[in-house]
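# Overview (structure and organization)
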Amino acid sequence: MSSRSKLMHGAALGALALLSSAPIAHAQQTLPTIDIGGRLRAGPGVRGAPRGPTVGAPIPAVRESTAGEGGYAPGFNPARAKLPIYRDPPGETVTIVDTKFLKPTPLADVRRVLEYSPGVSIQQGNNARDLFISIRGSGNRLGVGFPTGVRNIMMYEDGFPITTADGNGRTDMLDPHSYAAVDVYRGPSSALFGNYAYGGAINFRSFSGAEIDGVHTGSEFGSFGYVNNYVRVGKAVKDSTLGDFDLAFFASDANSSGWTRNSFSGKQAKFLGRWDVTPTDRVIVKYIANNLRSEFINRENINVYYLNPFQQNYGCSIAVSQNLNLCNNLNVPVNGISGALTRQSVWQLGTHANSVRQIGGVQFEHDFDNATTWRSQFTYDYLDIINGTWPPPIIGPGGQGGPVALRGPTVGITAQTDITSHVPIFGFPATHFLQFFYSNAKTTNPLFNQIANRWYSGAIGAQVGKIDSYTSNIGLRAREEIALAPGLTGVVGFSTNWNRVWGVNTAYNYPANLAPRFPTQVAVDNDYWNTAPEASLTYRYSPEWQVRARYSTGYSTPTFVFLTTTRNGVGQNPLKAQTNMGVDLGIDWTPRPDLTLSVTGFNEWHRNELLTLTNGFINYSQNIPSSIHRGVELNGDWRPYEGWRMIMAYTFNDQFFTTYWDDLGSVTAGFPPVALAGGAPALYNRSGNRIPNVPMHTLTTRFGYDQPYGDLSGLGAYVEYVFKSDYTIDNANFTTLPSYGLFNVNAHYNHDLTDFYFKNIELYFDVSNVFNRTYVAGAFVLANSLLSGTPIQTPLVWPTGGLVTAQGSGILAGQPRAFSAGIKLKF
C-alpha cells in the first residue's frame, strides 16, 4: 500500500470515528461516599498530617508512587481506596509515566515511553516494533531463539494480564497512542504479581472514555515508510435507569518498511468498558485484537556490523561467495528436507512472521459495604503464529543446524478472585488484601525447514520438529498496609506459587538418502514451588520529603523450550527456578509543584539466574548459581521557568557474577558437536566478571520550551538525548559493544479551536538520531568456546557466534537518521 493510500485510510478512519461520536444524553446519579478511615488522627501531641500539593498543580511527567501526595499516610488517599491494590501502592518502587508530555512525539513503539522510567533499558527485537524490555538488566539475557519477547517481567494492560502463563510477553501488540499512563514496578515484585515478576512488572493504562470525551484521531508518517493512522473514541455516560457507563475504543493501522529488512504491518483494535450496574456492582470488559506481519534480517556478528551494519550493500539480498563475510546469510537444505545445504539470504528465504493475538477479559466488582470490595477477573488469551520464521535455530541437529519456521497456537486462561478490605486494625487505618489465582497455557508448535528461493512467501519444507507443552500456575497472594503513624505506612506482603511445566519436544532426523525420518523425543514434567515475602516502610516527613525502604523477593520458572534444549540440541536441561532478593532505599523530593526528584538505590542477590547463550548453532540456557545486581536510579521533572521543562531518567547498573563456572562442554565449535579427546570438561571461573548485555549507564533526558500564552501559545520545541554506555556480550568479557549517544529534536504546535469542526489540532515534526550515529540497538549473549587445538588447561577462550558462517550472531544495528511528522485532531 502506498503512503498516500495509507494517509487516505487514516482520514477515512477519522471520519468514521466522527460519525460514531453523536451526542448522547445522560443523567446524573450520586453514589455513596466511601470513608476508609485513612485520614490521620489529630489532637494534642499528634503532628498534623503533611499537607497535599497545590490544587491544580501540574502533573509530573514521571513520579514515584505516593510521592507529592499529602493529607494522608502514604497509600491512604481516599481516591486510591477505590482502585485495585496494585495501583499507586505504598512501599513499592514504582515509576508512573504520564504520557501527556509525549503528545507531540512520534510513537512508533513503546520505547520512548518506557525509556523515561529509570531502571528500564530497551533492546531492539527482530522487527521494528518488537522490543526486549529489561528492568534492572533482568530481561536482556533471555532474548535468544523462541520464545522471543519480554521475560522476567509481568505485563498487564488495564490490570488484565498480557503475559502468557509460560512467562512470555510481546511488545508488537502495544501501540503507545492508546495509553494515558504506564506504571513500571522496578525490582523483584512476586509478592504482588506472582511468577515471572522476577525483575518487576509493567501495567499499561489505556485512556478511559471520560479522558477521551469524544474522538481523537491522528496520523504519523516519516522515513523508512513509517505510517501510523489511529483513532480513539470514548465517552462517559450517566443513566439513572441503566447505570453509568465509561466506554473507550482504540484502533490503529501501522506500517513501516524498516531501516534494514525489519518491516512490519500491524492492525489493532482495543475496547475498554466499565458499567456501574448499581452503586455497589461494576463490570469491566477488556478486548484486544492484533494482527501483525513482519519481516526481519538475520542478526550480525561484530565484524559484519562494522563493515555492513544495515545489510544494504554488497548485494546482500542474494547470497554469493563474494559477500560471504559481509552479509548474514543462512544455510538450508537444497531439497528442503536434508542433505546438501545451500546458502541463502533472508530475502531469498522470505524470512517473516505473521501472528494473530486476541485477548478478552471481564472483571466483576462488588462492594459488600463501604470498606470491603470483592473482585473476580477472567482472561482468555489466544496467540496464533500463522507462519513464523525464527532465524536462530531452535532444535539444532533435527533442524540441520539452520533456521526453522514455526507455526501453531498458544491458548491460555487466567482466573483470579480477591477481597480488599479497609477495616482499621487496632485503631490504625489499614488495607487488607487476599487473592487466589490460576493460569495455564497450552502450546502446539510444529517446526519446519525453509525452502530456498521462495522470497516473499517464505515457504516451508519438511517438518523437523514439534513442540507440545503445557504450563500452569496456581497460588495465592496477600498484602497488609497499615498507617502506623502520621505520614508513616508499613507494608507486608506474601505470595506462593506452584508451577508445573510438562510436554514433549520432538526433533525429526532425516537420513541423507531421504529414508523415512526417525524422531528424537524429550519429555519433561517439572514442578516448582516458590514463595515471595515482602516488607516496606514509607515515611512522609513533610509535604516535600518522602523516604522509602523496601525488602522484596521475586521468582521466575524456566519455560519448556529452555528445559528441553542443551548446547548439543534437543535434550533435558535440568534448570532451576530463578530467585531474587533485593533491598531498595529511596528518597522523593517535591519542594514545589513544578519540581519532582527521586533517587533510589538498590542491591539484589540473585540465585540461579537464567542466562541464554548462542554458540553459533544452538541456543540454550544455563543457571548462574549466584550474582549481584546493584545500582542507583534517578528521575526528575523540573519546570524552572514558565514554559520551560526538563525531564530526566538515569540508571547506574553494576552487575557481576559471584559464583559461576562457565561450562564450555567437551565439544569443538563444529556442527554437529564433536567430543574432545578424553571427553574432559572445559570449565572456566567467571566470578567477578561483568554480566553480559547490561550497560552500566543509561540516560534519557529532554529539555524543551512551550509558549504558554499570546498569539504563539502552543508553539514549542525540545531536544532529547539518549545515552547508553558500552557493555560486554560474552561471559569472558572479551567482546564489548561501544557506547553511543543519540540526539533527537522536535518542533510542535498545539491549538484549541472554537465554533469549528474540531476542537483541537496538533502538528509536530521530529528528527531522530540527528547526527546519524551508527550504533548497536540490540544484541544477544554469545557463548565462549575453546580455540581449535587449544589444550583444555589453557585459560583462553573466545566468543563464537558464527564468525565464519555468520550464523547465530546477535547484533542488530539501530535506526539511522529519520524524519517524521504527525497531525492530531480532537472532535
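Residues numbered from 1 in each chain as written. Predicted model: local features only at pLDDT ≥ 70, side-chain atom pairs only at ≥ 80, totals over all residues. Heavy atoms only, no water.

### Digging into the overall build of the protein chain
Scanning the protein chain from terminus to terminus reveals eight helices and 42 strands. In the protein chain, which comprises 827 residues, the share counted as buried stands at 61%. A sequence separation of at least 24 residues applies to 69% of the contacts in the protein chain between residues at least 6 apart. Carbon and sulfur atoms make up 63% of the accessible area of the protein chain, which totals about 30400 Å². (Helix = DSSP H or I, 4+ residues; strand = E, 2+ residues; numbered from the N terminus. Buried < 20%, exposed > 50% of the residue type's maximum accessible area, 1.4 Å probe, protein only. Contact = heavy atoms within 4.5 Å. Areas by Shrake-Rupley, 256 points an atom, 1.4 Å probe, with all protein chains shown as cover.)

### Focus: the packing of aromatic side chains
The relative placement of two aromatic rings is captured by the distance of their centres and the angle of their planes. Scanning all chains against the criterion turns up 22 aromatic pairs. Ring centres 5.6 Å apart and planes at 25° place the aromatic pair Trp-545 and Trp-589 in the stacked group. Of the two residues, Trp-545 sits in strand E23 (residues 545-556) while Trp-589 sits in strand E26 (residues 578-592), which places them 44 residues apart along the sequence. Using a relative accessible area of 39% as the deciding quantity, one classes Trp-545 as partly exposed. For Trp-589, a relative accessible area of 29% translates into the label partly exposed. Taken together, the ring pairs in this structure connect Phe-756, Tyr-757, Phe-758 and Phe-827 into an aromatic cluster. (Phe/Tyr/Trp six-rings, centres within 6.5 Å; stacked < 30°, edge-to-face > 60°.)

### Some details on the pairing of E23
Strand direction decides the pairing type here: strand E22 (residues 518-540) and E23, joined by six bridges, are antiparallel. Bridging across to E23, Tyr-539 finds its partner in Val-547. Where E23 meets E26, twelve bridges bridge the pair, whose relative direction is antiparallel. Bridge pairing in E26 links Val-547 to Ile-587. (Pairing = 2+ DSSP bridges.)

### Quick look at the nonpolar core
Formed by 29 residues in total, the largest nonpolar core has its most connected members in Leu-114, Ile-133, Ile-162, Leu-174, Ile-202 and Phe-204. Contributing elements (two or more residues each) for this core: helix H3 (111-114), strand E3 (120-124), strand E4 (131-135), strand E5 (153-157), strand E7 (179-186) and strand E8 (200-206). Once residues within four sequence positions are removed from consideration, Ile-162 is found in contact with Met-155, Tyr-156, Glu-157, Asn-168, Gly-169, Met-173, Leu-174, Phe-204, Ile-288, Arg-357 and Ile-359. Val-464, Phe-562, Leu-563 and Ala-577 belong to the second-largest nonpolar core, a separate cluster that totals 20 residues. (Core = buried A, V, L, I, M, F, W, Y, C linked by side-chain atoms within 4.5 Å.)

### So, the confidence of the model for the protein chain
The predicted model of the protein chain averages 83 in pLDDT, with 83% of residues at 70 or higher. Within the model, pLDDT remains below 50 along residues 1-56, and this stretch shows 90 contacts once partners closer than five positions in the same chain are excluded. Note on residues 789-808: pLDDT is under 50 here. Beyond four places in sequence and across chains, it has 66 contacts. (pLDDT = per-residue confidence, 0-100.)

### Some thoughts on the sheet that holds E5
The strand order across the open sheet built from six strands is E1-E2-E7-E8-E5-E6, with neighbouring strands paired in mixed fashion. The open sheet is flanked by strand E1 (62-64) and strand E6 (160-161), the only strands paired with a single partner.

### A few points about the environment of Ser-117
Relative to the assigned elements, Ser-117 resides in the loop between H3 and E3. On the accessibility criterion, Ser-117 (1% relative accessible area) is buried. Placed 20 residues apart in sequence, Ser-117 and Val-97 show a C-alpha to C-alpha distance of 7.0 Å. Ignoring anything within four residues of it in the chain, the contact list for Ser-117 reads Thr-95, Val-97, Val-184, Arg-186 and Ala-649.

### A few points about the pattern of salt bridges
All chains considered together, the criterion is met by 40 salt bridges. In this structure, Arg-63 and Asp-88 form a salt bridge, with 3.9 Å as the shortest nitrogen-oxygen distance. Residue Arg-63 is found in strand E1, and its partner Asp-88 is found in the loop between helix H2 (78-81) and strand E2 (94-98); the two are separated by 25 residues along the sequence. The two residues Arg-63 and Asp-88 agree in class, both being buried. For Arg-205, the salt bridge is made with Asp-183, and the minimal N-O distance between the two is 2.9 Å. With Arg-205 in strand E8 and Asp-183 in strand E7, the pair connects residues that are 22 residues apart, well separated along the chain. (Salt bridge = Lys/Arg side-chain N within 4 Å of Asp/Glu carboxyl O.)

### Thoughts on unusual backbone geometry
Positive phi is not limited to glycine here, since Asp-88 has a value of about 50°. In this structure Asp-88 comes out as buried when scored by relative accessible area, which is 14%. For Asn-608, which is not a glycine, the phi torsion comes out positive at approximately 60°. Residue position: Asn-608 is located in strand E27 (residues 595-614).

### Here we look at the pairing of strand E19 (residues 430-450)
In regular strands, side chains alternate between the two faces of the sheet. In terms of burial, E19 is largely enclosed, as 16 of its 21 residues are buried. Alignment of strand E18 (residues 404-421) against E19, held across 15 bridges, turns out to be antiparallel. The residue of E19 that forms the bridge with Thr-410 is Thr-443. Judged from the 20 bridges that link them, E19 and strand E20 (residues 460-485) form a sheet pairing that is antiparallel. Each residue of the ladder has a partner; that of Asn-445, found in E20, is Ile-467.

### Re a nonpolar patch on the surface
Among the surface-exposed residues, Tyr-539, Tyr-541, Trp-545, Val-547, Leu-585 and Ile-587 lie close enough to one another that they form a single nonpolar patch of about 580 Å² accessible area. Those elements that provide at least two residues to the nonpolar patch are E23 and E26. By secondary structure assignment, the location of Tyr-541 is in the loop between E22 and E23. Under the relative-accessibility criterion, Tyr-541 is labelled exposed at 53%. (Patch = residues over 30% accessible without salt bridge, like charges linked within 9 Å, V, L, I, M, F, W, Y side chains within 5 Å.)

### A few points about the side chain of Ser-178
Note that Ser-178 resides in the loop between E6 and E7. Within the structure, Ser-178 has its side chain in polar contact with the backbone oxygen of Asp-175 (distance 2.8 Å). At 3.2 Å, the side chain of Ser-178 and the side chain of Lys-270 are in polar contact. Aside from chain neighbours lying at most four places away, what touches Ser-178 is Arg-205, Ser-206, Phe-207, Phe-250 and Lys-270. (Polar contact = N/O pair within 3.5 Å; in protein donor to acceptor, adjacent residues only side chain to side chain.)

### Comments concerning the environment of His-216
By the secondary structure assignment, His-216 is in strand E9 (residues 214-222). Judged by its relative accessible area of 7%, His-216 is buried. Excluding residues within four positions of it along the chain, His-216 makes contact with Glu-211, Tyr-230, Val-231, Arg-232, Leu-825 and Lys-826. Polar contacts involving the side chain of His-216 include one to the main-chain carbonyl oxygen of Ile-212, which spans 3.1 Å.

### What about the side chain of Arg-357?
Looking at the secondary structure, you find Arg-357 in strand E16 (residues 352-369). Since its relative accessible area comes to 4%, Arg-357 is described here as buried. Of the polar contacts made by the side chain of Arg-357, one reaches the backbone oxygen of Ile-162; its length is 2.9 Å. Among the polar contacts made by the side chain of Arg-357, one reaches the side chain of Asp-381 at a distance of 2.7 Å. Once you skip the residues sitting within four places of it in the chain, Arg-357 turns out to touch Ile-162, Thr-164, Arg-170, Met-173, Ile-288, Ala-289, Asn-290, Asp-381, Tyr-382 and Leu-383.

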